[in-house]
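Descriptive structure summary
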Amino acid sequence: MIVMLSARRLKPGAWEQFRRAWDPGDNKPPGFQTAYHARNIRDEDDIVSFGIFDMSEDEYRSWRAEADAGENQRVEQLSQFVENEPVSGVYEVIDVVEE
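Residues numbered from 1 in each chain as written. Predicted model: local features only at pLDDT ≥ 70, side-chain atom pairs only at ≥ 80, totals over all residues. Heavy atoms only, no water.

A word on helix α1 (residues 15-22)
We count it as follows: Summary of the burial criterion: residues with accessible area below 20% of their type's maximum are buried, those above 50% are exposed, and those between are partly exposed, where the area comes from a 1.4 Å probe applied to protein chains only. Helix numbering and strand numbering both begin at the N terminus, where a helix is a DSSP run of H or I of at least 4 residues and a strand a DSSP run of E of at least 2. The directions considered for the arc are those from the helix axis to the C-beta atoms. We call two residues in contact whenever any of their non-hydrogen atoms come within 4.5 Å of each other.
Along α1, the positions that sit buried rather than exposed are Phe18, Ala21 and Trp22. One side of α1 carries all its buried residues, which in axial view fall inside an arc of 100 degrees. For α1, the secondary structure elements touched by its buried residues are β1 (2-10), β2 (32-40), β3 (43-53), α2 (57-79) and β4 (82-92).

Written out as structure tokens, the structure reads:
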């Protein structure tokens, strides 16, 4: 299982534009399960986004090698609505805690 995560400070009032630019449409990575955008309840421009993917690290690397140009273009488009991005990465799930 892979988690792609980013914490971003959006430009003031840019949520709607950011969300439209973020959407990969039909070009979601393989194994896509779900994605979440969470807003800081004290600051509407502070956003954490993460997606959960049923894929291995090797599958991620293979997809990324094939989709790199398109992903870079999508990130460039959404970045125009972002002031900064202090956290961003691709993480492998190593432990699950459930009820």
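Next, the rest of the story.
Overview of the packing of aromatic side chains
As a reminder of what qualifies: Centres within 6.5 Å make a pair out of two Phe, Tyr or Trp rings, where for Trp the six-membered ring is used; the pair is then stacked when the planes are under 30 degrees apart, edge-to-face when over 60, and tilted otherwise.
Enumeration according to the criterion identifies 4 aromatic pairs in this entry. Seen in terms of ring centroids, Trp15 and Phe18 are 6.1 Å apart; in terms of plane orientation they differ by 40 degrees. Their pairing is tilted. Here Trp15 and its partner Phe18 are both found in helix α1, 3 residues apart, which amounts to about one turn of the helix. Take Phe18: its relative accessible area is 0%, and that puts it in the buried class. Ring plane angle 50 degrees and centroid distance 5.9 Å describe the contact between Tyr60 and Trp63, whose orientation is recorded as tilted.

Some thoughts on the sheet that holds β2
Backbone hydrogen bonds are what pair the strands of a sheet, in a parallel or an antiparallel way. Formally: Note on pairing: DSSP must find at least two bridges between two strands before they are called paired. Here the axes come from fitting lines to C-alpha atoms, over the contacting stretch only for helices, and the angles between their N-to-C directions go from 0 to 180 degrees.
Pairing is antiparallel across the open sheet formed by 4 strands, whose spatial order is β2-β3-β1-β4. Unpaired on one side and paired on the other, β2 and β4 mark the two borders of the sheet. Put simply, the sheet's adjacent strands are angled 15 degrees from each other on average, direction ignored. Sheet strands touched by α1: β1, β2, β3 and β4. Its angle to β2, the strand with the most contacts, is close to 165 degrees.

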